[in-house]
Amino acid sequence: QLQLVESGGGLVQPGGSLRLSCAASGFTLDSYAIGWFRQAPGKEREGVSCITSGGNTNYKDSVKGRFTISRDNAKNTVYLQMNSLKPEDTAIYYCATTSNYYYCSGLKFRNFGNWGQGTQVTVST
């Protein structure tokens, strides 16, 4: 059974940091591009970042310079390091796969699959 499991979310003050993990079971991530998405209440799911199997990365403009995506194929895990967090980063964060690296550039959730259950990130005082 193919499964992605996100972890690492929590409550953090503005300016703080979190590192999210996306671990795969039942398959290996190394041949996939992996995307991170988020969904705030009442809003559509949006792409945050993506990393191809070759290590090329893409970021939503509002997180550039604050978030860093990386992958450890030996651990079958992708990470999202989030620094300088803002209240508007509050959302449920999901990871998902795509076998077409081209979709990393557009970050459209419709082009990704194998969604995890999500992890809540709350940025608040």
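Above this text you will find the structure in question.
Presented here is a report on the structure given in the accompanying data block. Keep in mind the model is a prediction, meaning the values are calculated, not measured.

Cut-off values and rules
Residues numbered from 1 in each chain as written. Predicted model: local features only at pLDDT ≥ 70, side-chain atom pairs only at ≥ 80, totals over all residues. Heavy atoms only, no water. Disulfide = S-S within 2.5 Å. Helix = DSSP H or I, 4+ residues; strand = E, 2+ residues; numbered from the N terminus. Buried < 20%, exposed > 50% of the residue type's maximum accessible area, 1.4 Å probe, protein only. Contact = heavy atoms within 4.5 Å. Polar contact = N/O pair within 3.5 Å; in protein donor to acceptor, adjacent residues only side chain to side chain. Salt bridge = Lys/Arg side-chain N within 4 Å of Asp/Glu carboxyl O.

Structural notes on the state of the cysteines
Phase 1 of the analysis: Per the stated rule, a full pass over the model turns up two disulfides.
Phase 2 of the analysis: A sulfur-sulfur distance of 2.1 Å marks the disulfide that ties cysteine 22 to cysteine 95. Around the S-S axis, the bridge from cysteine 22 to cysteine 95 shows a dihedral of about 80 degrees and counts as right-handed. Linking cysteine 22 in strand E3 (residues 18–25) with cysteine 95 in strand E9 (residues 91–98), this pair joins segments that are 73 residues apart in sequence. Neither residue differs from the other here; cysteine 22 and cysteine 95 are each classed as buried.
Phase 3 of the analysis: Each sulfur in the disulfide pair cysteine 50 and cysteine 104 lies 1.8 Å from the other. Disulfide cysteine 50 to cysteine 104: torsion about the S-S bond roughly -70 degrees, handedness left-handed. Of this pair, cysteine 50 sits in strand E5 (residues 46–51) while cysteine 104 is found in helix H1 (residues 103–106), placing the two residues 54 residues apart along the sequence.

Some points on the environment of tyrosine 93
Phase 1 of the analysis: Mapped onto the fold, tyrosine 93 is located in strand E9.
Phase 2 of the analysis: Placed 57 residues apart in sequence, tyrosine 93 and tryptophan 36 show a C-alpha to C-alpha distance of 6.9 Å.
Phase 3 of the analysis: Residues in contact with tyrosine 93, not counting those within four places in the same chain, are Glu6, Leu20, Trp36, Phe37, Arg38, Val48, Phe67, Leu80, Met82, Gly118, Thr119 and Val121.
Phase 4 of the analysis: There is a polar contact of 2.6 Å between the side chain of tyrosine 93 and the backbone oxygen of aspartate 89.

Some thoughts on the pattern of salt bridges
Phase 1 of the analysis: Under the defined criterion, the tally for this structure stands at six salt bridges.
Phase 2 of the analysis: Across the salt bridge formed by arginine 110 and glutamate 44, the nearest N and O atoms sit 3.9 Å from each other. Pair noted here: arginine 110 is in the loop between H1 and strand E10 (119–123) and glutamate 44 is in the loop between strand E4 (33–39) and E5, with a separation of 66 residues, a long-range link.
Phase 3 of the analysis: Overall, the relative accessible area of 59% leaves arginine 110 in the exposed class.
Phase 4 of the analysis: A salt bridge links glutamate 46 to lysine 60, with the nearest nitrogen and oxygen atoms 3.2 Å apart.

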